[in-house]
Amino acid sequence: MLRVSDLHAKVEEQKILKGVDLEVNAGEVHAVMGPNGSGKSTLAQVLAGREDYDVTAGSLELDGDDLQEMAPEERAHAGLFLAFQYPVEIPGVGNSYFLKAALNAIRKARGEDELDAMDFLQLLRKRAELVDVDEALLRRPVNEGFSGGEKKRNEILQMAVLEPRLAVLDETDSGLDIDALKTVAAGVNALRSEDRAFVVITHYQRLLNYIVPDHVHVLLDGRIVRSGGSELALELEEKGYTGLTNGSSGD
Amino acid sequence: MPTAADTIGALAERDYEYGFVTDVEQDTAPPGLSEEIIAFISAKKNEPQWLLDWRLQAYRGWLKMVEPTWANVRYEPIDYQSICYYAAPKSDDDRPKSLDEIDPEILATYEKLGIPLREQEMLAGVAVDAVFDSVSVATTFREKLAELGVIFCSFSEAVQDHPELVRKYLGTVVPRRDNFFAALNSAVFSDGSFVYIPKGVRCPMELSTYFRINAMNTGQFERTLIIAEEGSYVSYLEGCTAPMRDENQLHAAVVELIAHEDAQIKYSTVQNWYPGDKEGVGGIYNFVTKRGLCEGRRSKISWTQVETGSAVTWKYPSCILRGDDSVGEFYSVAVSNNRQQADTGTKMIHVGKRTSSTIISKGISAGEGQNTYRGSVRILRSAEDARNFSQCDSMLIGDRCGAHTFPYIDVANPSAQMEHEASTSKIGEDQIFYCNQRGIDTEDAVSMIVNGFCKEVFRELPMEFAVEAQKLLEVSLEGSVG
Ligand SMILES: Nc1ncnc2c1ncn2[C@@H]1O[C@H](COP(=O)(O)OP(=O)(O)OP(=O)(O)O)[C@@H](O)[C@H]1O
Ligand SMILES: [Mg+2]
């Protein structure tokens, strides 16, 4: 589904990704871990098509289509979703209004009928229940004045409504209390399916107890230095990144 | 004179959705301004002597005045002698009795503007006093209103039919020598609307007037007068859009509102005059004096405006809060895109006790647009326990535009409570990217973000106007990002 090969990217003349390879198949969950500043969010933003990130070499493909040829909204239409590490506030724009606009933009781009207000509301209610988002939050402006945890939960709600093919979650677990963590994980697990894939960026093995990944990758200084199964996360927890790299030269 | 087709052909018509010119034979005064011309206008309108004298007084005052230069706007000097001060459709003598009698071309013009008069008549419950050039050509719902004693007619008709009211109130809120443009208007005003709501009557429908500038080289000088008697209520909507053209057009309107005890006047404007092309050529100059007098106790005047048009806007709807416990409100969205310049704001003058005022101003600048908020709050000595809340927010789209805020506060009574908030934000690339990532394209994202920014103002507008305002905002910001 997603194929990233030898990806190099820079921001403001600073090289951040230095040859990332990643292949994600439908039905899989991949975890990406790595120390602060190693380039995890950069990878996520490059996938989503953020303009100020320059791809200097390598390729990005989603279902065989070259992502670099696609505008950010076209990538969204193709089923790519990014849960932001820092969700953005849009003052004055109602949360549910925003989501409806997003869903209908995507449906329209795919040649599907747009949902009317009633149908949308029904869908929204169901999804909000799934990820335990309070109705009051739906009426408030997008992320404005939301607590850190509410913002993260709202990202997952958006994902649940938009039903992407490939969801990239950038530290969605950071700032969540333990109950919220469980509901978010439950939401993700409920959406797991044969033809959907997840890339979960996290610092904590804890999340991976709830969302059990098929593959774990360690990103260090702009490169994936190790990949393995879910047990790799446990090893990381134990040894830390330094311990890991020292002992992994033969990987 | 070029034909309409020539004019259209010569201009990049697609850029301005409403940029078209209707060919209607004009009955036009020769260009220039003099006492003779003023007498001609007055005679054309069959006005009483006192009104001609009033105009001439204004004109003589105007001759001694100089054009103001304090506003943060730049434009070519206006040659007042090259402007035509009177134009009326030929069919004027022969007033239509119903819409059927109206020039089909005029009806088609309204159609293009999205103002299907017939439909409005039947569906919306909106009485329409449409101004085509300087003379009203259609007034509807008048009988229904007449039953309640509400007078809603063109200004010229009011001069004929209700001279005592016109004479009593004309110039009482905006004196004829108030300022350069108001004096000019007082001398040459063409037509406009007149509204009178009798004591205790709640006007059952929104009163609306669509203005349209359509005659080559003819400045338009509307005069509007609204009087709300004790305990009455009226909501008045003003909207306009103009055809594309090559020369700058001067527009200098005067609006006077009078609210007696416990009366409320809500005045909403959506203004979409031709702003000029991307280089700023050909837009409308809009120099307006709007002022409301809260004459009676507990009276309330509320101005809401959405300004997306004009090349140059100079406009400060104001309230004089004379009655004790009276309330003044000003809600404004002003957009300046490309080379547009807007210097707008409000004046709240607190005279009575416990008077309160609210100012919410949202300025949006894009392209090389310059947006200035200029507001003044004056608390006079007599205004015990007055309050004001002001909030002025500016949004910048791109980095070649500008936002400027000049709040003037003058408090002569120490019991006053004043609150002022101001912010300037740039429309964030991260906001746009966030929308993009959710599948929303940049154009829609910008209009969504801008609409959110303006929400506090839009929710003050009557429903159908709010929708129109959002559409206008979209049209006027098209292509401003990316
Ligand atoms: N716009 C930018 N300008 C300059 N440097 C940037 C920019 N964006 C990212 N960087 C730098 O790129 C590096 C990688 O950042 P990135 O956000 O991808 O890290 P991360 O792995 O997500 O870290 P964290 O775990 O802290 O979220 C950092 O050193 C960061 O400072
Ligand atoms: Mg990060």
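Owing to the predicted nature of the structure, the values given are computational and were not obtained by experimental measurement. (Residues numbered from 1 in each chain as written. Chains lettered and ligands numbered in written order. Predicted model: local features only at pLDDT ≥ 70, side-chain atom pairs only at ≥ 80, totals over all residues. Heavy atoms only, no water.)

Caption draft 1: Here's a closer look at the confidence of the model for chain A. Residues and elements named next belong to chain A. Residues at a pLDDT of 70 or more form 97% of chain A, whose mean pLDDT is 92. When the elements of chain A are averaged for pLDDT, helix 9 (residues 231–246) gives the smallest value, 80, and strand 6 (residues 80–83) the largest, 98. For the stretch residues 247–251, pLDDT sits under 50, and the model shows four contacts to residues farther than four places along the chain or on other chains. (pLDDT = per-residue confidence, 0-100. Helix = DSSP H or I, 4+ residues; strand = E, 2+ residues; numbered from the N terminus. Contact = heavy atoms within 4.5 Å.)

Caption draft 2: The coordination of the magnesium ion (ligand 2), seen in detail. The protein atoms that coordinate the magnesium ion (ligand 2) are S41 of chain A (OG) and Q85 of chain A (OE1), at distances of 1.9 to 2.1 Å. Of this pair, S41 of chain A sits in helix 1 (residues 40–48) while Q85 of chain A sits in the loop between strand 6 and helix 3 (95–109), and the two are 44 residues apart along the sequence. (Donors = N, O, S within 2.8 Å, 3.2 Å for Na, K, Ca; no water.)

Caption draft 3: View of the sheet that holds strand 3 (residues 29–33) of chain A. Residue and element names in this part refer to chain A. As summarised here, the arrangement of the six strands in space is 6-7-8-3-9-10, forming an open sheet in which the pairing is mixed. Looking at which strands have only one partner, the edges of the open sheet turn out to be strand 6 and strand 10 (223–228). Along the sheet, successive strands turn relative to each other by an average axial angle of 20°, direction set aside. Relative to strand 8 (residues 197–201), strand 7 (residues 166–170) runs parallel, the two sharing five bridges. (Pairing = 2+ DSSP bridges. Axes fitted to C-alpha atoms, helices over the stretch in contact; angles between N-to-C directions.)

Caption draft 4: Highlighting the sheet that holds strand 1 (residues 2–11) of chain A. Residues and elements named next belong to chain A. Across the sheet, four strands lie side by side as 2-1-4-5; this open sheet has antiparallel pairing. The open sheet has two edge strands with one neighbour each: strand 2 (14–24) and strand 5 (65–66). Sheet topology places strand 1 next to strand 2; eight bridges connect them, and they run antiparallel. Among the inter-strand pairings, R3 is bridged to a residue of strand 2, identified as E23. In this fold helix 1 packs onto strand 1, strand 2 and strand 4 (53–62), with an angle of close to 65° to the strand it touches most, strand 4.

Caption draft 5: Quick look at the site of ligand 1. Residues and elements named next belong to chain A. Near ligand 1 there are 16 residues, and of these I16, K40, S41, T42 and H203 occur at the shortest range. S38 has a polar backbone atom sitting 3.3 Å from an oxygen atom of ligand 1. T42 places a polar side-chain atom, nitrogen or oxygen, 2.5 Å from an oxygen atom of ligand 1. Calculation on ligand 1 without its partners gives an accessible area of 640 Å², and the protein chains cover 68% of this total. Listed by contribution, the elements that provide at least two residues to the shell around ligand 1 are strand 2 and helix 1. A class-by-class count of the residues in the shell around ligand 1 yields four nonpolar, nine polar and three charged. (Near = heavy atom within 4 Å. Polar contact = N/O pair within 3.5 Å; in protein donor to acceptor, adjacent residues only side chain to side chain. Areas by Shrake-Rupley, 256 points an atom, 1.4 Å probe, with all protein chains shown as cover. Nonpolar A, V, L, I, M, F, W, Y, C, P; charged D, E, K, R; others polar.)

Caption draft 6: Region of interest: the side chain of N95 of chain A. All names here are of chain A. By the element assignment, N95 lies in helix 3. Of the residues examined, N95 reaches a relative accessible area of 1% and is grouped as buried. Here L137 takes part through its backbone oxygen, which lies 3.2 Å from a polar atom of the side chain of N95. When near neighbours in sequence (up to four residues on either side) are disregarded, N95 contacts L137, L138, R140, P141, V142, F146, N154 and Q158. (Buried < 20%, exposed > 50% of the residue type's maximum accessible area, 1.4 Å probe, protein only.)

Caption draft 7: Focus on the interface of chain B and chain A. Across the contact, 18 residues belong to chain B and 32 residues belong to chain A. Counting the surface lost from both chain B and chain A, the interface buries some 1,900 Å², and carbon and sulfur atoms represent 65% of this. Among the residues chain B hides against chain A, the three largest losses belong to F433, Y434 and R438 of chain B. Together they make up 40% of the total. Counting across the chain B and chain A interface gives one salt bridge. (Buried area = accessible area lost by both parts, 1.4 Å probe. Salt bridge = Lys/Arg side-chain N within 4 Å of Asp/Glu carboxyl O.)

Caption draft 8: Representation of the nonpolar core within the structure. Core analysis: the biggest nonpolar cluster contains 103 residues, and F98, L157, M159 and L166 of chain A together with V333, I364 and V450 of chain B have the highest contact counts within it. Among residues more than four places away in sequence, those in contact with V450 of chain B are I364, M395, I397, I427, L473 and L477 of chain B. V150, A263, I265 and F330 of chain B belong to the second largest nonpolar core, which has 34 residues in total. (Core = buried A, V, L, I, M, F, W, Y, C linked by side-chain atoms within 4.5 Å.)

Caption draft 9: Quick peek at unusual backbone geometry. We note that E171 of chain A has phi near 50°; this positive angle belongs to a residue other than glycine. As for its placement among the helices and strands, E171 of chain A is situated in the loop between strand 7 and helix 7 (178–191). If you check the backbone angles, D262 of chain B has positive phi at about 60° while not being a glycine. For D262 of chain B, the position within the fold is in the loop between strand 11 (254–259) and strand 12 (264–272).

Caption draft 10: Highlighting helix 11 (residues 442–453) of chain B. Residue and element names in this part refer to chain B. Taking 1.5 Å of rise per residue, the 12 residues of helix 11 would be expected to cover 16 Å, and the 16 Å separating its terminal C-alpha atoms lies within 8% of that figure. Within helix 11, nine of the 12 residues are buried, which leaves it mostly tucked inside the rest of the structure. When helix 11 is considered as a whole, its buried residues turn out to be A445, V446, S447, M448, I449, V450, N451, G452 and F453. (Expected span 1.5 Å × (residues − 1).)

Caption draft 11: Up close: the pattern of salt bridges. All names here are of chain B. This structure, assessed with the given rule, holds 32 salt bridges over all chains. Where E35 meets R60, a salt bridge forms, and the shortest distance between an N and an O atom there is 2.8 Å. One end of the pair, E35, is in helix 2 (residues 35–44); the other, R60, is in helix 3 (residues 49–63), with 25 residues separating them in the sequence. Overall, R60 belongs to the partly exposed group, its relative accessible area being 33%. Of the charged contacts in the structure, one is a salt bridge between K362 and E456, with a shortest N-O distance of 2.7 Å. Taken together, the positions of K362 in strand 20 (residues 356–366) and E456 in helix 12 (residues 455–458) put the pair 94 residues apart, joining distant regions of the chain. Through salt bridges that share partners, E261, D262, R297 and R298 make up one connected network.

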